[in-house]
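Coordinate inspection notes
Chain by chain, the residues run as shown.
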Amino acid sequence: MKILILSRMFPTPANPTNGIFIYNRVKNLTQKGVEFRIIAPQPKYFPMSSLISKKYAVYRQIPKKFEIKGIPVSSPKYTYLPVKYFRNRIGKMITKSLLKQCEDLKKENFSLIHAHGAIDAGVAAMNLSRKLGIPYLVTAHGSDVNLSFGNKVKENNLTDVFGNASKVIFVSEALREKAKNLDGYSGKNSVVISNGIDTDFFKQMNRSVLRKKMNVPAESKVILFVGNLLRIKGAHLLPKIFRGIKNKIPDSFFYVVGDGPLKKSMIEELSNLNILGDTVFTGRVAQEEVPIYMNLSDVLVLPSLNEGQPCVIRESLACGTPVVGSDVGGIPETIGDEIYGKTFPVGNVDKAVEAILEVLSVNWDRKKLNERVLEFSWEKVVNSEIDVYNEILN
């Protein structure tokens, strides 16, 4: 068995945390002796792109070949500008780039293609599978489905990709049910396999020791956000949520782990709300540092407007820290009927504050929170995916 793994989401030298959940999968595939090759297409850098959006300057730094912790990665470049025409055609652009390598890819005798991300890698996998004469499967992670509804081009692409795949993996039941609303897709070829957690990193640590090391008062309440500072992640709601907590718990502190385009406006609003001094922006940190912040915190807040099945919830629980999240996508089923925290109506700041205060009032058994998510190790996730590979090939 030799798997061609196709995903725009994968760590790069310029962004080592991008798509870390895909890296965790392939790391376990390596340990199980499964042969594979990673192709992580990235946009070709044009100076014009940076004039439209500064974030595209990062693509200048990504070589065509590199290694991430010993795993070789090919990164073919595809034509792209950050405008609507190209956003609707990323899959086609990636296909054109890959077809140039088609003869070389045929020589590698791949058994099947596994695409991560239905609207981009999925379209490319569907087209490439026809040229290589091998089956493909696709994993839908969330935004590829959630952000496609209302865009007829993307909806049609999803229907084609899902309908022609040998198997479709959804990371949550909620995401699968949403995909079944597509015209022409029944979901009969689908299975739900959620994201996992890296139990080598995400585990309980001594909270008192960490707080002392980080100069955080032992008795203070610490509220944490981990993620990209994007509207889709609800980052724009955080200042008002933090202010609501501060009104009720004066000695509370806030950590924001991540970066993104909303950082500047968040800092301005936090300053206007007089709580910037109680908020720490760490920027992006290495994966092995994230558990430190999860362990020193009392609650993780995830006010997303859309989600698939966010890894960060189970990672927080593995560290013994409960979660408060919006009732959207796979968040409620991951929190588990409020066994591991609470949910609130999406976009509702007052209800978010209320839920956080309620969670902070409970004396949580950190060990039990940890034990309840150990079954979701990456090893078990990858075992389930290998079962799907075997089912397709047999």
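I will try to describe carefully the structure that is included in this document. Everything quoted here is computed from the prediction, not taken from an experiment. (Residues numbered from 1 in each chain as written. Predicted model: local features only at pLDDT ≥ 70, side-chain atom pairs only at ≥ 80, totals over all residues. Heavy atoms only, no water.)

With that out of the way, let us pick up the overall build of the protein. From N to C terminus, the protein includes 18 helices and 16 strands. Relative to its length of 394 residues, the protein is compact, with a C-alpha radius of gyration of 21 Å against a globular reference of 21 Å. Dimensions of the protein along its principal axes, counting C-alpha atoms only, are 65 × 45 × 40 Å. Residue burial in the protein is summarised as follows: out of 394 residues, 56% are buried. Looking at the protein alone, contacts between residues at least 24 apart form 71% of all its contacts between residues at least 6 apart. In the form shown here, the protein has an accessible surface area of approximately 17,300 Å², with 49% of it arising from carbon and sulfur atoms. Here the protein holds 54 positive side-chain charges and 39 negative ones, and the gap between their average locations is 7 Å. (Helix = DSSP H or I, 4+ residues; strand = E, 2+ residues; numbered from the N terminus. Rg over C-alpha atoms; globule rule 2.2 N^0.38 Å. Buried < 20%, exposed > 50% of the residue type's maximum accessible area, 1.4 Å probe, protein only. Contact = heavy atoms within 4.5 Å. Areas by Shrake-Rupley, 256 points an atom, 1.4 Å probe, with all protein chains shown as cover. Lys, Arg positive; Asp, Glu negative; His and termini not counted. Charge placed at Lys NZ, Arg CZ, Asp CG, Glu CD.)

This paragraph deals with the packing of helix 6 (residues 121-132) against helix 8 (residues 152-164). Where helix 6 meets helix 8, the closest approach of the two axes is 9 Å, and the angle between their N-to-C directions is 50°. Relative to helix 8, the element helix 6 is oriented oblique. Where helix 6 crosses over helix 8, the two elements pack in a sense that is left-handed. Where helix 6 abuts helix 8, its residues Gly 122, Val 123, Met 126 and Arg 130 lie against Asn 157, Asp 160, Val 161 and Asn 164. Among the residues making up the contact of helix 6 with helix 8, the classes are represented as three nonpolar, three polar and two charged. (Axes fitted to C-alpha atoms, helices over the stretch in contact; angles between N-to-C directions. Parallel < 35°, antiparallel > 145°, perpendicular 65-115°, else oblique. Left-handed = near helix turned anticlockwise from the far one by under 90°. Nonpolar A, V, L, I, M, F, W, Y, C, P; charged D, E, K, R; others polar.)

Per the stated rule, a full pass over the model turns up 19 salt bridges. Salt-bridge contacts for Lys 27 lead to Asp 198; the nearest nitrogen and oxygen are separated by 2.9 Å. Highlighted residues: Lys 27 in helix 1 (residues 20-31) and Asp 198 in the loop between strand 10 (190-192) and helix 10 (207-213), separated in sequence by 171 residues. Of the two residues, Lys 27 and Asp 198, both sit in the buried class. Between Glu 269 and Lys 240 there is a salt bridge, with the nearest N and O atoms lying 2.6 Å from each other. Note that Glu 269 is positioned in helix 12 (residues 263-272) and Lys 240 in helix 11 (residues 238-248), a separation of 29 residues in sequence. (Salt bridge = Lys/Arg side-chain N within 4 Å of Asp/Glu carboxyl O.)

The subject of this paragraph is the packing of helix 11 against helix 16 (residues 349-360). Two elements in contact, helix 11 and helix 16, have axes separated by 9 Å at closest approach and are oriented at 50°. In terms of orientation, helix 11 lies oblique with respect to helix 16. As for how helix 11 packs across helix 16, the hand of that crossing is right-handed. When helix 11 is examined against helix 16, the residues Lys 240, Ile 241, Gly 244, Ile 245 and Lys 248 are found in contact with a partner set consisting of Val 349, Ala 352, Val 353, Ile 356 and Leu 357. Considering only residue class, the contact of helix 11 with helix 16 consists of seven nonpolar, one polar and two charged.

Our focus in this paragraph is the nonpolar core. By size, the foremost hydrophobic cluster in this structure holds 41 residues, and its most contacted members are Leu 6, Ile 113, Val 138, Phe 162 and Phe 170. Not counting the four nearest positions on each side in its chain, Phe 162 is found in contact with Ala 118, Val 138, Ala 140, Val 145, Val 168, Phe 170, Ala 179, Leu 182, Tyr 185 and Asn 189. In this structure, Ile 5, Val 26, Phe 36 and Leu 137 belong to the second largest nonpolar core, which totals 30 residues. (Core = buried A, V, L, I, M, F, W, Y, C linked by side-chain atoms within 4.5 Å.)

Let us look at the side chain of Ser 172. Along the chain, the position of Ser 172 falls in the loop between strand 9 (167-170) and helix 9 (173-179). If we ignore the near neighbours within four places in the chain, the residues touching Ser 172 are Val 192, Gly 308, Gln 309, Gly 330 and Glu 333.

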